[in-house]
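The lines below spell out each chain.
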Amino acid sequence: MMSFPWLRTAREKPGESSLERSRWAVLAMFAVDGLGFGPWAAHLPTFKDSLRLSDGGLSVPLFAMVIGSLVAMPVAGRLIPRHGSRRVLLVAAFLYAMIVPLIALAVVVGGGLPLFTAAAFLYGAIKGTIDVSANAQAVGVEREAARPILSSCHGCWSLGSLAGAGGAAVALRLGSPPLLTMGLASVVLLALTIASAPHLRTGDDAEAAAPDGSPRGASIWPKGRLLPLGLLAFLGLFCEGSVADWSAVYLAGTLGVSAASAAVGFTSYMTAMTLARFLGDRLTQRLGPAAVLRGGGLLVAIGLGLALAGRTLPAAMIGFAMVGVGLANAVPVIFRSAGSGADPGGAIASVSTIGYLGFLAGPPVIGVLSEAMGLPVALLLVVAFGLAIAIAAGATLGRGEDRGAIPAPALTS
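As the structure is a computational prediction, the values presented were derived from the model and not from experiment.

Peer 1: Just give me the short version of the packing of helix 1 (residues 18-50) against helix 3 (residues 85-108), but keep the residues and values in it.
Peer 2: Where helix 1 contacts helix 3, the axes come no closer than 11 Å and their chain directions differ by 15 degrees. It follows that helix 1 is roughly parallel to helix 3 by the angle criterion. Helix 1 and helix 3 meet at a crossing whose hand is left-handed. In contact with Met29, Val32, Asp33, Gly36, Phe37, Trp40, Phe47 and Ser50 of helix 1, helix 3 contributes Leu89, Ala93, Tyr96, Val100, Ile103, Ala104 and Val107. Class assignment for the residues of the contact of helix 1 with helix 3 results in twelve nonpolar, two polar and one charged.

This is the structure in structure tokens:
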């Protein structure tokens, strides 16, 4: 692994809580993840027009993202037991800050679809590594604190994505070139990473080793009770990735609004998701995980149905906001349930890998279906998956599980 001065941990300061500082550092790294994703999603219509791509053509770089992440996630899963999630996360975040402006550069230099696809592959690989290692950090802090923080962590991802997309929307209105906008995003990503580095949790390299010395969580595919949780994670993140990448394209293409207005429509989705996630930990404790997941699935189906049937910008913005609320707490609820067993690290790794496969596979699948049937019809698959989540929630989470319970602290720092 590479070594940087800012990878060093901070020394303890009198009167400060190490665990609290770790919590804030993890929240910041989830924001970094989102800040790098927001400009990508908001600029997709612009990149699509610049490269003169059809919906099916846009699915090629989106598929490259899938392949990049599928290659990187198992690698990250093996690096974490050896080097710890902190070091893996920081190196990936540094590379993330570099790849974000290179995506725009790939379009500007005239390399066409092949160069843009290569950049998307690298982007997906780096982002997939961040997804795995950041969630490993969050699970460790949550178990040490014995209180829920996962919804808030994912809320910070949404907040970062909202800020990135909102900044991109403003930049598009002002006529700023994508390379400049994404270059500025890179500076912010690097600054947040350096500030968070000293306070991230250490010790999960030891935690990830089984008593016989073999790494835990080595299995990529979930088994037993984790299999239905993995399928739910796949459905939820399939919906999340599809709406994130195609909402702006739907507004700009099907409804014919401007690129800036399309970015604002995506922002309404992310705003609703962000607010709901910061309320999610408390909501799960009060209503129980099954109820939260069931209600969320219904909101996804109803909200996207409204956006597709209304065929107006106001209806679409309301519908996408409902989808944001519905999807907000699905992943935190599922990851928390997965981590309630004796091997939380391995369980989270397997469920999150399948889940993020859905997140990355959703956009290109929608692209292929859109090429054949049109984007509104293709997005009906997301409506169907929302209903599937609502139906399966009770059977998966409603048995043998305390309402919103958090496992007792079990990890060392």
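Peer 1: Outline empty space enclosed by the protein, listing residues and values.
Peer 2: In total, this model carries five cavities of 30 Å³ or more according to the counting rule given. The space that makes up the second largest cavity amounts to roughly 110 Å³. Lining the second largest cavity are 15 residues, with Asp131, His154, Trp157, Glu240 and Tyr356 sitting closest to its centre. Only helix 1, helix 4 (112-145), helix 5 (150-174), helix 8 (226-254) and helix 13 (344-373) provide two or more residues apiece to the lining of the second largest cavity. The dominant element in the lining of the second largest cavity, judged by the number of residues it contributes, is helix 4, at five residues. Residues that form the lining of the second largest cavity fall into these classes: eight nonpolar, two polar and five charged.

Cut-offs and rules
Residues numbered from 1 in each chain as written. Predicted model: local features only at pLDDT ≥ 70, side-chain atom pairs only at ≥ 80, totals over all residues. Heavy atoms only, no water. Axes fitted to C-alpha atoms, helices over the stretch in contact; angles between N-to-C directions. Helix = DSSP H or I, 4+ residues; strand = E, 2+ residues; numbered from the N terminus. Parallel < 35°, antiparallel > 145°, perpendicular 65-115°, else oblique. Left-handed = near helix turned anticlockwise from the far one by under 90°. Contact = heavy atoms within 4.5 Å. Nonpolar A, V, L, I, M, F, W, Y, C, P; charged D, E, K, R; others polar. 1 Å grid on protein atoms, 1.4 Å probe; cavity = no way out; pocket = protein on both sides within 12 Å on 5 of 7 lines; lining within 4 Å. Points joined across faces, edges and corners; volume = space filled by probe spheres on them.

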